[in-house]
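# Descriptive analysis of the structure
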Amino acid sequence: MFKSAGIVARYDKEKALQLTKELAVHLNSRGIKVFIEDSLSDKIDTLAETVSLKEMKTDFIITIGGDGTILRACLNSPKPEPPILGINMGARGFLTEVEPIEACNAVDRILKGDFRIEKCTKLSAKIDDATLPDALNDVVISAGEPSKILYTELCKDGKPILKCQADGLIVATQTGATGYSLSAGGPVLDKMLDAILVTPICALTVFRSLIFPTESEITLNVIRPKTMYIMIDGNYHYMKSEKGLTVKITKSKNVSSFIRFENDFYDRLSCRLLFQGPR
């Protein structure tokens, strides 16, 4: 089924670099063409071809790291995105699928077709005429300075719902409900509930999370200040200064796909997120 694979790994962990080399050899021995992200080219000695993540047009991608590595891969890989096998070398690794010791066996199972694909909704964000990269986890809007209040008007499908005074707003997917939104007091959404979640960051008004259908168009009209800072999936940053800024967020036409085996959503939630201690 698969003839090529890309490897994206943390470059600040020696164990991740070592596993990258081992997997490249293992994949080659199985007749798979291997491409390694070019940011690793001066950190490991391998015969695999290096390529930028934006040009990694492979049948599937292996990430070696935590959720941040996965989010970076989803943000920058070519569209439509190839499915991702996440190998956990992060602090929590909620989105990952297997531990490093299982990596080679997981690859063999993939090549045998012994896996399933999980598709996850992404969000599309526009600021006036500017289209930003899609978000797998969340779009975070703030005033760009610590403790500076963002005054916004929240609209659903063009209809004003409420005005909010907060340090910022998190607009998250079901996947992103277990990320920054959860830390800010938002709820966990069941895997079968595909929705858009809006969670305030330190709201001055009585405002808790709101959950909207994914078919909704969420509009945020910035009342003040005139400078707005946007962060997508913790990796992409965008700042704009202009009076009367508007952000429109909708369901993206793109999805992120993950290679899964037996792991269940609630197994990962309890073992890796809710009760996970520091490594």
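Read on for an overview of the structure. Since we're looking at a predicted model, the values are computed, not measured.

## Comments concerning the environment of Leu-154
- Mapped onto the secondary structure, Leu-154 falls in strand 9 (residues 150–156).
- Note on Leu-154: relative accessible area 1%, which makes it buried.
- Along the primary structure Leu-154 and Thr-219 are separated by 65 residues, whereas in three dimensions their C-alpha atoms are 5.9 Å apart.

## Let's talk about the pattern of salt bridges
- This model, assessed by the stated rule, comprises 13 salt bridges.
- Between Asp-194 and Lys-251 there is a salt bridge, with the nearest N and O atoms lying 4.0 Å from each other. Of this pair, Asp-194 sits in the loop between helix 4 (180–183) and strand 12 (195–201) while Lys-251 sits in strand 17 (residues 246–260); the two residues are 57 residues apart in sequence, bridging distant segments of the chain.
- Assessed through its relative accessible area of 40%, Lys-251 is described here as partly exposed.
- We note a salt bridge from Glu-242 to Lys-240, for which the minimum N-O separation is 4.0 Å.
- Three or more residues are tied together by salt bridges with common partners; here these are Glu-97, Glu-118, Lys-191 and Arg-260.

## Notes on the sheet that holds strand 12
- The sheet built from six strands is open, its strands ordered 13-12-11-8-15-16 with antiparallel pairing. Looking at which strands have only one partner, the edges of the open sheet turn out to be strand 13 (210–213) and strand 16 (236–241). The average undirected angle you get between the axes of adjacent strands in this sheet is 20°.
- Relative to strand 12, strand 11 (residues 168–172) runs antiparallel, the two being bridged by five bridges. Across the sheet, residue Ala-172 finds its bridge partner in strand 12, namely Leu-197.

Conventions and cut-offs
- Sequence order as written defines the numbering, with residues in each chain counted from 1.
- This being a predicted model, a pLDDT of at least 70 is required before a residue's local features are given, and a value of 80 or more before pairs of side-chain atoms are given or counted; all residues contribute to the totals for chains, interfaces and linings.
- The side-chain quantities take in all heavy atoms of the structure and omit both hydrogens and water.
- Note on conventions: DSSP H or I runs of at least 4 residues are helices, E runs of at least 2 residues are strands, and numbering of each starts at the N terminus.
- Think of it in three bands: with a 1.4 Å probe and only protein chains considered, a residue is buried below 20% of the maximum accessible area for its type, exposed above 50%, and partly exposed in between.
- Any carboxyl oxygen of Asp or Glu within 4 Å of a side-chain nitrogen of Lys or Arg constitutes a salt bridge here.
- Pairing between strands requires that DSSP locate at least two bridges from one strand to the other.
- Note on geometry: axes are lines fitted to C-alpha atoms, helical ones only across the stretch in contact, with angles between N-to-C directions running from 0 to 180 degrees.

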